[in-house]
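# Observations on the model geometry
The lines below spell out each chain.
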Protein chains: 2
Amino acid sequence: MKRYDERMTATRLSIDADRLYASLDALGRIGAYQDEHSGLVGVRRLALTAEDGAGRRHVVEQMRALGLSVTIDRIGNVYARREGRDPRAKPVLMGSHIDSVATAGRFDGCLGVLGGLEVVRTLDEAKRATRRPIVVAFFTEEEGARFSTDMLGSAVAARRIALDKAWALTDRAGKTVKGELEAIGFLGDAPVELDPPHAYVECHIEQGPMLRAANVDLGVVTGVQAIAWHELVITGRSAHAGTTPMELRRDPGVAAARIQLYLRAMVLSKRYTKQLRATVGVTQYLPGLVNVVPNRVHTTVNIRHPDDAVLKRALDELVAFYATIAKEERVEVQHKVTARTPNIAFAPRVQELVAKHATARGLSQQRIVSGAGHDAQEMAAVCPAGMVFVPGEYEGISHNPREFSTKEQCANGVNVMLDVVVELAEEEGV
Amino acid sequence: MKRYDERMTATRLSIDADRLYASLDALGRIGAYQDEHSGLVGVRRLALTAEDGAGRRHVVEQMRALGLSVTIDRIGNVYARREGRDPRAKPVLMGSHIDSVATAGRFDGCLGVLGGLEVVRTLDEAKRATRRPIVVAFFTEEEGARFSTDMLGSAVAARRIALDKAWALTDRAGKTVKGELEAIGFLGDAPVELDPPHAYVECHIEQGPMLRAANVDLGVVTGVQAIAWHELVITGRSAHAGTTPMELRRDPGVAAARIQLYLRAMVLSKRYTKQLRATVGVTQYLPGLVNVVPNRVHTTVNIRHPDDAVLKRALDELVAFYATIAKEERVEVQHKVTARTPNIAFAPRVQELVAKHATARGLSQQRIVSGAGHDAQEMAAVCPAGMVFVPGEYEGISHNPREFSTKEQCANGVNVMLDVVVELAEEEGV
């Protein structure tokens with residue numbers, strides 16, 4: 001009897017790159033907006049908005065057209081199942097998300113979901129059955145851009161976040177996740193707790209410059225870096241801008257500016273290796289009048305490192321700096337930890353499969369730690385999980401309308417995902 | 001024939017301090033809000049809002065109750081006239097404003113308007129006629145807190161700003177001055193161009209710490225410092241917070257933080273004397289997501305100095321720094337000058353009268369340059385104008401619910417305004 005690898009090579013399938021790319025384009029038209037500055041067309045499909053609802057219906061239609069059985073759970077995660085020869089065997093799951101930040105491109109998340117459907121389409125066309133069922137999923141609010149908690153849907157599925165707590169999260173207008181799920185018709189009735197699949201594979205754009213700079217075709221993702229988010233409220237004292245001498249001010253804006261620049265100095269110092277990332281994404285002065293020293297500033301800190309122990313040291317330094325700033329500027333600095341995930345290591349078995357099939361297809365590759373958080377890190381708590389990264393042009397810019405991967409880059413990633421899924425779906429056992 | 005001063009001394013009137021203070025309290029209840037942080041009750045009566053409309057009606061009622069003839073002009077300035085013995089003589093005008101910033105106290109502006117009415121009330125009770133008419137005015141949108149242009153009503157009255165341009169100004173929601181005047185019923189039909197009065201006197205709180213620190217009863221205001229406002233739009237490039245290395249970022253937030261701290265350094269350096277004031281009142285990052293390097297920051301700069309030439313030097317340095325920042329941070333820094341007024345010198349004659357009557361009442365005094373802009377500076381372009389400053393407690397804090405002047409401090413200022421107005425109102429000529 002032939003070894004599995006030989007059979008596989010004999011019948012290696014390939015996806016239709018044009019069809020995949022066209023499907024990315026079609027989904028990217030839903031929630032499209034013209035960026036006023038660059039003139040580029042970007043995507044704004046914040047989780048559970050009308051635009052996200054339209055995107056979801058568009059993808060569900062494709063799932064149904066493929067004859068998949070679609071399940072929606074109570075947090076709005078959507079699963080589409082292709083039956084296997086052995087329906088009692090645990091399925092192989094491909095997934096990602098279709099929600100976006102406010103200034104997105106068309107690849108982030110969508111490549112994994114539409115790539116998963118393209119894998120199914122390719123298997124169907126080849127009339128290829130698999131022993132295990134294959135499921136394609138998209139998860140709710142991966143970005144955290146609307147309800148301030150990223151990987152929300154996959155975290156609830158993986159039992160890291162309780163459903164009630166997730167439902168009660170609110171956006172800036174005070175709208176709840178549950179209410180907004182209802183509003184767009186995606187409050188499903190399937191249980192949220194995911195039955196552990198056999199394995200999980202996600203194809204995603206890198207969202208960074210590394211693979212493109214190294215001129216490799218693919219990234220074999222070894223894990224996800226550790227992440228912390230802080231929400232800060234800095235309280236000072238409002239005062240008249242024209243009269244109040246500097247020494248009498250308690251200006252929370254000055255404190256916020258010092259934190260912004262301190263974070264950059266921490267990164268540039270390289271005392272936490274050159275892999276530390278730190279970002280201030282939100283800053284708003286209140287009351288926000290040209291003529292008044294602000295009395296309050298809302299701001300956020302987003303800080304990451306591949307090594308959890310190093311991140312912890314950096315966070316300790318940062319929190320100590322908050323106290324210093326509070327004292328020196330005579331303001332109050334309150335911080336709330338809104339996200340904190342340790343670094344995640346992906347299953348060695350899935351990494352090996354990605355590397356092996358990339359090599360078999362003649363694709364160059366590199367091991368890489370993900371800078372961004374992904375649904376795969378939640379799935380890694382439930383089953384062997386891994387990711388394939390696709391390089392991005394323009395220094396891998398993402399969360400920006402300029403985000404771009406070529407047709408070939410996308411096809412390479414999804415082809416390797418196809419190979420990995422087909423091999424996993426033949427594995428023995430329940 | 002007795003000299004005027006002797007007659008005056010013989011019959012020096014005084015206002016009713018309790019009544020004045022009660023009227024400040026009553027107006028301060030309109031638009032009152034509880035400050036969530038301090039627990040103090042402040043005032044939020046932004047120009048031409050429903051709250052401002054209620055405040056206006058409250059003051060107009062008092063004007064009518066005093067038998068004054070009330071005129072509303074096409075920018076919503078309100079004038080209440082008490083006839084003189086010689087109705088052809090130009091009137092003496094007292095004025096200020098009753099609109100407020102979003103986090104105000106009850107004294108800013110209101111003291112001048114309600115003080116003016118208290119002067120009229122005192123003359124009426126004493127059955128004291130004056131040769132010249134006396135007019136009490138309040139001007140529209142002195143604060144500039146809603147429509148981004150301060151001293152708006154008085155500037156239109158003084159012909160510095162054209163009515164059409166003023167009407168077309170919009171707030172953040174896109175509502176126009178004209179539409180909002182109509183909405184609250186204060187789009188009057190009287191011409192806006194003010195017939196030059198004989199003189200203008202305004203009693204106002206200092207809104208700064210100087211008089212209280214010097215422990216004097218009154219400030220004789222010599223003029224208003226030069227003021228410039230910039231509105232900045234800093235454009236960078238949005239990018240993923242987790243992946244984008246620092247050297248690939250074009251972060252407008254970092255640029256804004258550097259401008260904030262540079263301004264403070266300019267002030268603290270004292271290279272523009274210790275009288276330079278600089279404030280960043282507005283900063284907002286867009287899109288404003290914890291997970292995304294912002295692509296745009298809206299921010300403002302407010303910078304002032306008593307000497308216009310010194311302010312000009314400081315502005316030149318600041319604008320050069322914008323260019324440096326743009327280059328170093330690889331962002332675009334656009335600035336628009338939204339306000340620019342030179343320093344204003346008040347009429348020596350009015351200053352002398354304020355000083356003389358303060359002395360006559362046994363009040364200590366100090367010459368002072370106003371740090372804040374006031375309607376009096378617009379009136380100074382039309383007629384001899386001057387101001388009386390009243391000290392403020394708590395380091396003179398203003399634009400803050402903590403703003404506070406005692407009953408005696410307020411009464412001292414309005415008594416001197418009474419004396420000055422009575423003397424001016426007897427002067428000869430048209």
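Keep in mind that what you see is a predicted model, and the values were worked out from it rather than measured. (Residues numbered from 1 in each chain as written. Chains lettered and ligands numbered in written order. Predicted model: local features only at pLDDT ≥ 70, side-chain atom pairs only at ≥ 80, totals over all residues. Heavy atoms only, no water.)

## Quick word on the domain arrangement of chain A
It is common to report an interface's size as the accessible area lost on association of the parts. All names here are of chain A. Put simply, the rule reads: Those domain boundaries reflect an automatic or database domain assignment. Contacts between residues were defined by any pair of non-hydrogen atoms, one from each residue, lying within 4.5 Å. By convention, the term buried area covers the 1.4 Å-probe accessible surface removed from two parts as they join, with the contributions of both added. Whenever a carboxyl oxygen of Asp or Glu lies within 4 Å of a side-chain nitrogen of Lys or Arg, that contact is scored as a salt bridge.
Each assigned domain of chain A is listed with its residue range as follows: domain 1 (4–224 + 344–426) and domain 2 (226–341). Between domain 1 and domain 2, the C-alpha centre-to-centre distance is 34 Å. Counting residues at the interface gives 12 residues for domain 1, matched by 10 residues for domain 2. Carbon and sulfur atoms supply 51% of the area buried between domain 1 and domain 2, which totals about 720 Å² over both sides. Inspection of the domain 1/domain 2 interface yields 0 salt bridges.

## Comments concerning the pattern of salt bridges
Residues and elements named next belong to chain B. The condition is simple: Numbering of helices and strands runs from the N terminus; a helix is a DSSP stretch of H or I covering at least four residues, while a strand is a stretch of E covering at least two. Each residue gets one of three labels from its accessible area relative to the maximum for its type: buried under 20%, exposed over 50%, partly exposed in between, using a 1.4 Å probe on protein chains only.
Enumeration according to the criterion identifies 56 salt bridges over all chains in this entry. Of the charged contacts in the structure, one is a salt bridge between Arg-19 and Glu-118, with a shortest N-O distance of 2.8 Å. In this pair, Arg-19 sits in helix H2 (residues 17–28) while Glu-118 sits in helix H4 (residues 110–125), placing the two residues 99 residues apart along the sequence. Classification of Glu-118 by relative accessible area gives buried; the value is 0%. Between Arg-361 and Asp-419 there is a salt bridge, with its nearest N and O atoms 2.6 Å apart.

## Points about the relation of the copies chain B and chain A
Threshold: Residues reaching a pLDDT of at least 70 in both copies supply the C-alpha atoms on which the copies are superposed by least squares.
Each copy superposes on the other: chain B lies on chain A with an RMSD of 0.1 Å after a rotation of 180° and an axial shift of 0.0 Å. What we have between these two chains is a two-fold relation.

## A look at the side chain of B:Asp35
So the rule is basically this: Asp and Glu count as negative and Lys and Arg as positive, but His and the ends of the chain are not part of the count.
Among the secondary structure elements, B:Asp35 is positioned in the loop between strand E1 (32–34) and strand E2 (41–43). For the buried B:Asp35, which has no salt bridge, the nearest side chain bearing the opposite charge is B:Arg44, at an N-O separation of 5.9 Å. With near-sequence residues (within four places) excluded, B:Asp35 lies in contact with A:Asn295, B:Leu40 and B:Pro401.

## With respect to unusual backbone geometry
The linkage connecting A:Leu286 with the following residue, A:Pro287, adopts the cis geometry, with an omega of 0°. Here the phi dihedral of A:Lys270 falls at roughly 60°; this positive angle occurs in a residue that is not glycine. As for its placement among the helices and strands, A:Lys270 is situated in the loop between helix H9 (252–269) and strand E11 (277–279). A positive phi angle, near 55°, is found at B:Arg330, a position not held by glycine. On the secondary structure map, B:Arg330 appears in the loop between helix H10 (308–329) and strand E15 (332–341). According to the relative accessible area criterion, B:Arg330 is partly exposed, its value standing at 37%.

## Examining the nonpolar core
How we decide: Here, nonpolar core refers to any group of buried Ala, Val, Leu, Ile, Met, Phe, Trp, Tyr and Cys residues whose side-chain atoms link them within 4.5 Å.
If you look at the biggest cluster of nonpolar residues, it comprises 72 residues, and the most contacted ones within it are A:Leu24, A:Val59, A:Met63, A:Ile75 and A:Leu111. Once residues within four sequence positions are removed from consideration, A:Val59 is found in contact with A:Leu27, A:Ile98, A:Val113, A:Leu114, A:Leu117 and A:Phe138. Counting 71 residues, the second-largest nonpolar core is a separate cluster that includes B:Ala47, B:Met63, B:Leu117 and B:Val416.

## Some words on the interface of chain B and chain A
Basically, it comes down to this: Two N or O atoms form a polar contact when they lie within 3.5 Å of each other; inside protein one atom must be a possible hydrogen donor and the other a possible acceptor, and for residues adjacent in sequence the pair counts only when both atoms belong to side chains. For this classification, the nonpolar set comprises Ala, Val, Leu, Ile, Met, Phe, Trp, Tyr, Cys and Pro, the charged set comprises Asp, Glu, Lys and Arg, and every other residue, Gly included, is treated as polar.
Each partner contributes residues to the interface: chain B has 70 residues there, and chain A has 70 residues. Taking both partners together, chain B and chain A bury about 6,100 Å²; carbon and sulfur atoms supply 57% of that area. There are 4 salt bridges connecting chain B and chain A. Taken together, the connections running from chain B to chain A amount to 34 residue pairs in polar contact (both at pLDDT 80 or more). Looking at the side of chain B that touches chain A, the elements that each hand over two or more residues are strand E9 (226–235), strand E10 (239–240), helix H9 (252–269), strand E11 (277–279), strand E12 (283–286), strand E13 (292–293) and strand E14 (296–305) of chain B. Here the residues of the side of chain B that touches chain A sort into 28 nonpolar, 26 polar and 16 charged.

## Section: the environment of A:Asn412
Along the chain, A:Asn412 turns up in helix H14 (residues 407–426). Those residues within four positions of A:Asn412 in sequence are excluded, and the remaining contacts are A:Asp217, A:Leu218 and A:Leu363.

## Comments concerning empty space enclosed by the protein
Heads up, the condition is: Only protein atoms enter the 1 Å grid used here, on which a cavity is any set of points holding a 1.4 Å probe that cannot leave and a pocket is any open set flanked by protein within 12 Å on both sides along at least five of seven lines; residues with an atom within 4 Å of a point are listed as lining. Grid points are joined across faces, edges and corners, and a volume is the space filled by probe spheres set on the points.
The tally for this structure, following the rule as stated, stands at 11 cavities of 30 Å³ or more. Along its surface, the largest cavity is lined by 14 residues, and A:Glu142, A:Glu143, A:Gly373, B:His240 and B:Asn291 are the ones closest to its centre. Taken together, the residues of the lining of the largest cavity break down into 2 nonpolar, 7 polar and 5 charged. Looking at the second largest cavity, its volume works out to about 60 Å³. Together, 13 residues line the second largest cavity, and A:His240, A:Asn291, B:Glu142, B:Glu143 and B:Gly373 are the ones closest to its centre. Considering only residue class, the lining of the second largest cavity consists of 1 nonpolar, 7 polar and 5 charged.

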